[in-house]
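# What the coordinates show
Letter by letter, the chains look like this.
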Number of protein chains: 2
Amino acid sequence: MTDIEIAQKNKMIPVADVAAKIGITADKLENYGPYKAKITFDELRALQEKAASKPGKLILVTAVTPTPAGEGKSTVSIGLADGLNKIGKKTVVALREPSLGPCFGVKGGACGGGYAQIVPMEDINLHFTGDIHAISIANNLIAALIDNHLQQGNELGIDPRTISWKRCVDLNDRALRNITIGLGGRLQGVPREDHFSIAVASEIMAIVCLSRTISELKERIDRIVIGQNYARENITFGQLKCTGAIAALLKDVIKPNLVQTLEKNPAFVHGGPFANIAHGCNSVNATLCALATGDYVVTEAGFAADLGAEKFLDIKCRAAGLKPSAVVIVATIRALKMHGGVAKADLSKPDTAALEKGFANLKTHIENIAKFGLPSVVAINKFITDSDEEIALIEKLCRNVGSQAILTEGWGNGGEGAKDLAKAVAELADNGKADYHPLYELDLPLADKIRKLAKEIYRADDVEFDSAALKKLKAFEDAGYGKLPVCVAKTQNSISHDPKLIGAPSGYTFPVRDVQLYAGAGFVVALAGDIMTMPGLPKAPAALDIDVDDNGVISGLF
Amino acid sequence: MTDIEIAQKNKMIPVADVAAKIGITADKLENYGPYKAKITFDELRALQEKAASKPGKLILVTAVTPTPAGEGKSTVSIGLADGLNKIGKKTVVALREPSLGPCFGVKGGACGGGYAQIVPMEDINLHFTGDIHAISIANNLIAALIDNHLQQGNELGIDPRTISWKRCVDLNDRALRNITIGLGGRLQGVPREDHFSIAVASEIMAIVCLSRTISELKERIDRIVIGQNYARENITFGQLKCTGAIAALLKDVIKPNLVQTLEKNPAFVHGGPFANIAHGCNSVNATLCALATGDYVVTEAGFAADLGAEKFLDIKCRAAGLKPSAVVIVATIRALKMHGGVAKADLSKPDTAALEKGFANLKTHIENIAKFGLPSVVAINKFITDSDEEIALIEKLCRNVGSQAILTEGWGNGGEGAKDLAKAVAELADNGKADYHPLYELDLPLADKIRKLAKEIYRADDVEFDSAALKKLKAFEDAGYGKLPVCVAKTQNSISHDPKLIGAPSGYTFPVRDVQLYAGAGFVVALAGDIMTMPGLPKAPAALDIDVDDNGVISGLF
């Protein structure tokens, strides 16, 4: 059976029953159909307070560097949460909501797989509770207001060449990467160069994910730097005096969404920034709600540990005062063999030599996590092609570096298949060895933060900045933004900036092409290599296979 | 009190209780919070059948040509529905859902006003149940798939210069009217000219509003003409084989939304095409649900009778087999005085001469409605500045042309204030005099349909077609689209194409600048004068006044 068939065969319980399991009464829910709900503002505030006084243990799930073989990080996260519940540990999972770009592009949805899924998977993968649509339109209203300001006399003297605010759409649409707008004459706007990003890379997405209240949301929106005036001074969106309208569009978005796993355990699914071009983890509010309602919280950060986990630990945990207790690094034997040089077609053949070589990738991530003061365990997401020899080898390799590899079969057996992992993780989270700290101090100059990341996490020898990028960093510091953390936009397919450098790259120079100020989100984005904030569709997009019947039953979505 | 304050002071009943009033049980609802719901597919089918066998009486509310003085068509529609319910006539109102463009631009929301509103007005005016967001993203996925087809080898040989499919956003964003996309080199798409429309003007909006089932939705999406190949043959979206994915995005959108009036009467609010640049009325499914559940159905078509009513009668009623029973033409004494030449600042002074002169506008609309075989009544939406003399005069003028003017005060008194109107309308709908027929036969050549509209409805002497427009009409006919009806895009501020020609223009030539084929929606759009499918923001947009507090309570939305 396909994932969607398994999900559709499953019988869900009403979301109010899911909420009841974690002490949230039905009157604190805003239902979106019978199986999805947002938490009311009252309850959100109550849970934020509870999370501050009696938080559950926070477990981060990250992974090795992705390969075309797949890793299954969401699947392991969901399976682990179900497994923890199965061994009697009251656990809530907090995940990101999917973007429509991958759904219709290459990667598919983001609700897990097999018997470790969150449901209703079609709704969550498509419009869900409308959060990303609201984020997109809020982002684009800011853009429309900026261009209208230019058109209506430009009182603030904004230099159109400096406008850094981009429009967005939650799709893979490469033709919108570089555009010119405002063409056609005096009544049709002021011509300028513009760009669309995918919505999940937008600063509004980041702001929503980091804001606890509407007041905070508004403060952050006010602080957004949209460009500069002709005197080269930063112009903030607050100067356009329309912050309330943007916040009104986002009022429901900052409330976390509650759904369930196939095993009827609670899942907060909220906020969806990509980890390669944005900060890569679910909202602070969803994590706080999970910490208030679960003794254990499983949360996931996108792509590999050099991206999602690093940003989770250096940006989100620091901003929200979160203290993780343990980290799970997901790997598959197939993926490690690809890092060891095996072609995708040959993955079914046992190859311990390639596995040993590819282990270097996993080893780097294990070491990196330790740099944040956190204990980790390796979850081997099992495939039927994995040989006993290969399994024994990976267990040994992990032991050799002081780690532990645990087979998990959430995909095939749900929580039952993840019980071993659950036991190991609970032990790790309970043993008190975690001593979380960010990788770098905020006092470091911006360029040095990037250098520290590049050397200690990406294992580069040095960083090469484009001269314009260095100048911009200096200007950010002069304008008072020097103490912000850094969010690197780079390929997910390598620990380095270069997707061709699989395994454990070293001895290279990490190039920073451009930097951008996200003053509202509260970080500086550094773009490394050819990374783009708007993906493209492949020759045969996933859209070709998706269909819906006259009862609204969807097929072909994965 | 402002509209939003009245709405927020009102205590709503659960949407399930509203549904119960019209025989819809709670299990046939898909709730979006406690006060909004969609109807399930099962119930939708049942109601479609019931509407075919035992429909209620359909009453269309239209208006005189808009002026800056305001008319209050939605307010009268809602007041009338409440008034009919008050005099014991079981009535359901069917309305369009608001676009975000006017909410943040000039016009404000579209939920009525005063004590004749639909609620929750903030939710309905902002994201509601996500319909317009889903329409926008479906529209833009089609665009992304077209540009990806060009990028990936262009197997269909689409000539990029002929692509007529536009992107859209549900905002007023003039800078997106004329753009160039795909810039930046070989990996960044194929450069071409492109345009954004506001979402409510999109063909997908029209398709959703006219489709009864997902099958019909898919057939229409298949038929969309996206452009031409180098041999000048039309290319349909069906040839890209992604129709199922687009329909999947729209699966919930074709289900009508149920909300309530301030007086707790049922309102189906669904689909929102503008009437100046699109076909201007709520969805066929909403009207069918209302006809199945009410003995009387009040529905509204956008702007004046030359636009919304004409399209309702020539496009929607014909396509859906609807037979209206009566028409209400909304006017205000203030608006008619403006048509008579009074400046806005002077409207408070009684001026019977200007009223008599401005009556010519109302008279034209009364005559036009009769051309569809329908009886009509005039609803005078009362303002405190209206003098007794003026009221007596408008009543006399209406009598003189065989019509009847009835004062209505829904804004100030809700259904109670609209009881006189309700009685007159019920009588009109019950007397069996309606003999609905469209204005023109579908067999007429396309240019002749436009000529007939221009002469009989817009009162032009003749039509002048741009030569390219005439050639396109010929090409549409050669390709088999000659029997489609026509949807004219023109200014709402005049019966003519020229916003400066207020009152009752005549003796002019109606210019058709361009024509567009909406093969999926099933009509040909004719663009007259300088009409644009993407509005712009004013110097001081409504966005300046909107705000939201930490409990999510919105202010400043009107």
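Reading the values: rules and limits
- Residues numbered from 1 in each chain as written.
- Chains lettered and ligands numbered in written order.
- Predicted model: local features only at pLDDT ≥ 70, side-chain atom pairs only at ≥ 80, totals over all residues.
- Heavy atoms only, no water.
- pLDDT = per-residue confidence, 0-100.
- Salt bridge = Lys/Arg side-chain N within 4 Å of Asp/Glu carboxyl O.
- Helix = DSSP H or I, 4+ residues; strand = E, 2+ residues; numbered from the N terminus.
- Buried < 20%, exposed > 50% of the residue type's maximum accessible area, 1.4 Å probe, protein only.
- Contact = heavy atoms within 4.5 Å.
- Buried area = accessible area lost by both parts, 1.4 Å probe.
- Polar contact = N/O pair within 3.5 Å; in protein donor to acceptor, adjacent residues only side chain to side chain.
- Domains from an automatic or database assignment.
- Nonpolar A, V, L, I, M, F, W, Y, C, P; charged D, E, K, R; others polar.

Looking now at the confidence of the model for chain A. The predicted model of chain A has a mean per-residue pLDDT of 97, with 100% of residues at 70 or higher. Model confidence for the complex: the whole-complex pTM is 0.97, and ipTM, which rates the interface, is 0.97.

Turning our attention to the pattern of salt bridges. Applying the stated criterion to the full structure yields 66 salt bridges over all chains. The partner of Arg 451 of chain A in a salt bridge is Asp 448 of chain A, and the shortest N-O contact between them spans 2.7 Å. Here Asp 448 of chain A and Arg 451 of chain A lie together in helix H18 (residues 446-457), a separation of three residues that amounts to about one turn. The exposure class assigned to Arg 451 of chain A is partly exposed, which follows from its relative accessible area of 27%. Judged by its relative accessible area of 29%, Asp 448 of chain A is partly exposed. Its salt-bridge partner being Arg 45 of chain B, residue Asp 42 of chain B comes within 3.2 Å of it at the nearest N-O pair. Of this pair, Asp 42 of chain B and Arg 45 of chain B both sit in helix H3 (residues 41-53), three residues apart, roughly one helical turn. Residues joined by salt bridges that share partners form a network here, namely Glu 30, Lys 251, Asp 252 and Lys 255 of chain A together with Lys 36 and Asp 123 of chain B.

Facing 71 residues of chain A, the contacting portion of chain B comprises 71 residues. Interface of chain A and chain B: buried area, both sides summed, is about 6000 Å²; carbon and sulfur atoms make up 60% of it. Seen at the junction of chain A and chain B, the total is eight salt bridges. The partner of Asp 547 of chain B in a salt bridge is Lys 218 of chain A, and the shortest N-O contact between them spans 2.9 Å. One can count 37 residue pairs in polar contact (both at pLDDT 80 or more) joining chain A with chain B. Going through the elements one at a time, helix H3 (41-53), helix H5 (100-104), helix H7 (131-151), strand E7 (167-169), strand E8 (179-181), helix H9 (214-223), helix H10 (243-249) and strand E23 (547-548) of chain A are the ones with two or more residues in the side of chain A that touches chain B. For the side of chain A that touches chain B, the element with the highest residue contribution is H7 of chain A, accounting for 10 residues.

Moving on, we get to the domain arrangement of chain A. All names here are of chain A. For chain A, the domain assignment lists domain 1 (3-129 + 253-430), domain 2 (133-247) and domain 3 (446-528). Each of domain 1 and domain 3 has a C-alpha centre, and these two points are 26 Å apart. Opposite the 24 residues of domain 1 that make contact, domain 3 presents 20 residues. At the boundary of domain 1 with domain 3, the tally comes to two salt bridges. The salt bridge partner of Asp 306 is Lys 490, with a shortest N-O separation of 2.6 Å. Our count for the contact surface shared by domain 1 and domain 3 stands at 11 residue pairs in polar contact (both at pLDDT 80 or more). Listing elements by their share of the side of domain 1 that touches domain 3, those giving two or more residues are helix H12 (305-320), helix H13 (333-339) and helix H14 (352-370). No other element matches H12, which puts seven residues into the side of domain 1 that touches domain 3. Residue classes in the side of domain 1 that touches domain 3 are distributed as nine nonpolar, eight polar and seven charged.

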